[in-house]
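# Notes for the structure review
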Amino acid sequence: MSPLDSPIASVFGIQYEDLLLACMLKVPNFQAAYGTYLNADVFDGTGNRCIREAHIALYTAGNRAVTTRMLNIHLITERKRTRQSSERYSVLTLALKRLKEIHKRKITGDEVQYVEGKLTEFLQRQNIIAVLLASEVYVNKGDYDGLIAALRDATQVNANAGSNGNLTKRLGMNFAMPKLRLQQYVTRKKIGTHITTGIPILDTLTNGGLASGTLTLIMAPTGRGKTMMLINTAAACMHAGKRVVHITLEISAQVTAMRYDARLIGIPINDIFRNPLRYRKQIMQTANAITAKGGGLIIKEWGSAEAGLRDIELYLELLNAESKYKPDVLIVDYADLICPKGLRQASRAENDKRFALAEITTRLRQMAKDLDCAVVSATQTNRKGYAATIVDLDTVAESIDKVNIADLVIGLCQTKIERDKQLMRLVLSKNRLGGREGMIIDCDVNTATQTITQRKKQMAHRIEDTE
């Protein structure tokens, strides 16, 4: 048997095959999304294979909504035409019994997600095997780039056939199916797609924190604390058991790591710098505690003129392939420093920074969607932002498109007096995650430990209440 002919039960078991067939017959849009990938030979159980053969026959004949009743009539009609002593008669009898079990079975939203996740894994596996079997052709031609591209394409099944349990990504959400929609709402709430920011009021205003598939921008002038805010946010995510990748384009990986240690153990960064071994126990205990929760941090350093978006994408692919490390949160410090190479219109981007930054921000948001993670970056303000009491959207540097594209924009506001007193205000300049733009959160700041915390007994207030 060729590896490509392996039935799905040989990989995930017969119980999974039974559940897959039930989804094919009972979940709206499942056949439309996955039917072209699943011929009858994929099913190992004799009754299951027979049902799938009948299902394909009825579907290709123009019946776009094949019901279990239609299949039952089809199989009974065929059995009447078949000799009772034949093997086919026994197969049809078994198929009718299985069909009756499927008809009675109720499929939950969690089961649909499970089936789709495993199915995507199976289809990727089959595609990779097919490319490997054909690799001799690429090697003989010396077309190694073609082989790499074919292997990359082989892993993109989820982009074409639903993604991680979400058929709506391929076919759209059918509003005439309220039960399925409500199941998705409940599942989304249950699995918790939001990630804490470490600032409770901010979590409340964003309906739970950072959301997977979204882009957050921290906006402030130079020296205001953009990196500190990024580290503070990432540290909270790590404590919550989330995996973080921090791309640093300005500060070295070692200094960035030391800032994280200062934030995580609450010791001033200069103290750690002077005598790192003195804090060895706290650093190791904290790292082990985060790992035990499932959290993690990997810091990747590039020069600001070195890394383009494609470099970052390839790095993340390599990290996942070699270390099975897929980030829940991607920190990019920061977007304005990403090299414009590799953009769709690179020559224009190199000559027009505003155009480059708009496309870079668009691609970062798409990266969040593709990786199903929260991307958090930072951006500079213009000259007006240095003296502004409120850092709002009109103070963004270079391109307003940066903030137009982002889902959440947080301005870091600080007067000279507030800076001396270690105070800061966070302004929600834009908030697709929960509305209520223009809210201000008063915070205490400790630059020595890279900590930003909301002030005790303080509630968010509006900009007009400050002015």
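Cut-offs used in this document
- Sequence order as written defines residue numbering, which begins from 1 separately in each chain.
- Restriction of local features to residues with pLDDT of at least 70 applies here, the model being predicted, together with a cutoff of 80 or more for giving and counting side-chain atom pairs; totals for whole chains, interfaces and linings are based on all residues.
- Note: side-chain values were computed over all heavy atoms of the structure, leaving out hydrogens and water.
- Helix numbering and strand numbering both begin at the N terminus, where a helix is a DSSP run of H or I of at least 4 residues and a strand a DSSP run of E of at least 2.
- Working rule for contacts: check all heavy atoms of both residues, and any pair within 4.5 Å makes them a contact.
- To be clear on the numbers: accessible area is Shrake-Rupley with a 1.4 Å probe, and residue cover counts the displayed protein chains and nothing else.
- To estimate the expected span of a helix, count its residues, drop one, and scale the result by 1.5 Å.
- Note on exposure labels: buried denotes an accessible area under 20% of the residue type's maximum, exposed denotes more than 50%, and partly exposed covers the range between, all computed with a 1.4 Å probe on protein chains only.
- Between any two strands, at least two bridges found by DSSP are needed for them to pair.
- The predictor's confidence in any single residue is recorded as pLDDT, a number from 0 to 100.
- Fitting a line to C-alpha atoms yields each axis, with helices limited to the stretch in contact; the angle taken between N-to-C directions then spans 0 to 180 degrees.
- Throughout this description, any angle smaller than 35 degrees is read as roughly parallel, any larger than 145 degrees as roughly antiparallel, any in the 65 to 115 degree range as roughly perpendicular, and the remainder as oblique.
- Under the scheme applied, nonpolar residues are Ala, Val, Leu, Ile, Met, Phe, Trp, Tyr, Cys and Pro; charged residues are Asp, Glu, Lys and Arg; polar residues are all the others, including Gly.
- Polar contact criterion, stated in full: a pair of N or O atoms within 3.5 Å, where within protein one must be able to donate a hydrogen and the other to accept it, and residues adjacent in sequence count only if both atoms are side-chain atoms.
- Both cavities and pockets are sets of points on a 1 Å grid over the protein atoms alone; in a cavity a 1.4 Å probe fits but cannot get out, in a pocket the set is open with protein on both sides within 12 Å along at least five of seven lines, and lining residues sit with an atom within 4 Å of a point.
- Grid points are joined across faces, edges and corners, and a volume is the space filled by probe spheres set on the points.
- Each nonpolar core is a collection of buried residues, namely Ala, Val, Leu, Ile, Met, Phe, Trp, Tyr and Cys, held together in the definition by side-chain atoms within 4.5 Å.
- Each pair of aromatic rings taken from Phe, Tyr and Trp, with Trp reduced to its six-membered ring, is defined by centres within 6.5 Å and is described as stacked if the planes are under 30 degrees apart, edge-to-face if over 60, and tilted in the remaining cases.

### Concerning the overall build of the protein chain
Within the protein chain, the regular secondary structure consists of 24 helices and 12 strands. The long-range share in the protein chain, meaning contacts at least 24 apart out of those at least 6 apart in sequence, stands at 66%. When the accessible area of the protein chain is evaluated, it comes to approximately 23,600 Å², of which 51% is carbon and sulfur surface.

### Some words on helix 15 (residues 253-265)
Compared with an ideal rise of 1.5 Å per residue, which puts 13 residues at 18 Å, helix 15 spans 18 Å between its outermost C-alpha atoms and is within 8% of the ideal. Phi turns positive, to about 75°, at glycine 266, one or two residues after helix 15.

### Details of the pairing of strand 4 (residues 243-248)
Along strand 4, five of the six residues are buried, which leaves the element largely enclosed by surrounding structure. Sheet topology note: the strand 4/strand 5 (residues 296-301) ladder contains six bridges and is parallel. In the sheet register, threonine 248 faces strand 5, and the bridge partner there is glutamate 301. Here strand 4 runs beside strand 6 (residues 329-333); their pairing, made up of five bridges, is parallel. From the neighbouring strand, isoleucine 247 faces strand 6, where its bridge partner is valine 332.

### A few points about the confidence of the model for the protein chain
Mean pLDDT over the protein chain stands at 82; residues scoring 70 or higher make up 84%. Under a pLDDT of 50 for its full length, residues 158-171 has, in the predicted model, 34 contacts with residues more than four places off or in other chains. Taken together, the stretch residues 346-350 has pLDDT below 50 and engages in seven contacts with residues farther than four places along the chain or on a different chain.

### Some remarks on the environment of arginine 436
Considering the arrangement of structural elements, one finds arginine 436 in the loop between strand 9 (423-431) and strand 10 (439-446). Spatially, the C-alpha atom of arginine 436 lies 8.8 Å from that of threonine 206, the residues being 230 residues apart in sequence. Not counting the four nearest positions on each side in its chain, arginine 436 is found in contact with Thr204, Leu205, Asn207, Leu428 and Arg462.

### As for the packing of helix 4 (residues 46-60) against helix 5 (residues 68-80)
The geometry of helix 4 relative to helix 5 is characterised by a closest axis approach of 10 Å and an angle of 105° between their N-to-C directions. In this view, helix 4 runs roughly perpendicular relative to helix 5, as classed from their interaxial angle. The residues of helix 5 that touch helix 4, namely those facing Cys50, Ile51, Ala54, His55 and Leu58, are Met70, Leu71, His74 and Leu75. The residue inventory of the contact of helix 4 with helix 5, partitioned by class, reads seven nonpolar, two polar and no charged.

### Topic: the environment of asparagine 207
Within the element layout of this structure, asparagine 207 appears in the loop between helix 13 (200-205) and strand 2 (210-211). As a C-alpha pair, asparagine 207 and isoleucine 195 span 12 residues in sequence and 10.0 Å in three-dimensional space. The residues contacting asparagine 207, other than those within four sequence positions of it, are His194, Leu433, Gly434 and Arg436. At 3.1 Å, the side chain of asparagine 207 and the backbone oxygen of leucine 433 are in polar contact.

### Some words on the layout of surface pockets
Taken as a whole, the second largest pocket holds about 390 Å³ of empty space. Surrounding the second largest pocket, 21 residues form its lining, Thr222, Gly223, Arg224, Gly225 and Lys226 being those nearest its centre. The element best represented in the lining of the second largest pocket is helix 14 (residues 226-239), accounting for three residues. Of the residues belonging to the lining of the second largest pocket, the class tally is six nonpolar, nine polar and six charged.

### A closer look at unusual backbone geometry
What is expected of a backbone is that most residues other than glycine have negative phi and most peptide bonds are trans. Geometrically, the link from aspartate 333 to tyrosine 334 is a cis peptide bond, its omega value of 0° lying close to zero. At lysine 324, a position not held by glycine, the phi torsion is positive, near 55°. Examined against the element boundaries, lysine 324 turns out to sit in the loop between helix 18 (309-323) and strand 6. Here the phi dihedral of glutamine 422 falls at roughly 60°; this positive angle occurs in a residue that is not glycine. Take glutamine 422: it is sitting in the loop between helix 23 (416-420) and strand 9.

### Concerning empty space enclosed by the protein
According to the stated counting rule, one finds two cavities of 30 Å³ or more in the structure shown. Of the pockets and cavities examined, the second largest cavity occupies roughly 40 Å³. Forming the walls of the second largest cavity are Thr197, Leu202, Leu210, Thr216, Ile218, Met229, Thr233, Val376, Leu408 and Ile410. Mapped onto the lining of the second largest cavity, the elements with two or more residues apiece are strand 3 (215-220), helix 14 and strand 8 (408-413).

### What about the nonpolar core?
Counting residues in hydrophobic clusters, the biggest one holds 74 residues, and the most contacted among them are Met229, Leu330, Leu364, Leu426 and Ile441. Ranked by the residues each element gives to this core, the list is headed by helix 14, at eight residues. Dropping the residues within four chain positions of it, leucine 364 is found in contact with Leu215, Leu309, Val332, Ala335, Ile338 and Val375. Core analysis: the next-biggest nonpolar cluster, separate from the first, contains 37 residues, Phe12, Val66, Leu71 and Leu75 among them.

### Details of the packing of aromatic side chains
Scanning the model with the defined rule gives three aromatic pairs in all. Centre to centre, the rings of phenylalanine 12 and tyrosine 16 are 5.3 Å apart; their planes meet at 65°, and the pair counts as edge-to-face. Each member of the pair, phenylalanine 12 together with tyrosine 16, is buried. Consider the rings of tryptophan 302 and tyrosine 315, whose centres lie 5.8 Å apart with planes at 85°: the pair is edge-to-face. On the criterion of sequence distance, the pair formed by tryptophan 302 in the loop between strand 5 and helix 18 and tyrosine 315 in helix 18 is long-range, its members being 13 residues apart. The class of tyrosine 315 is buried, set by a relative accessible area of 14%.

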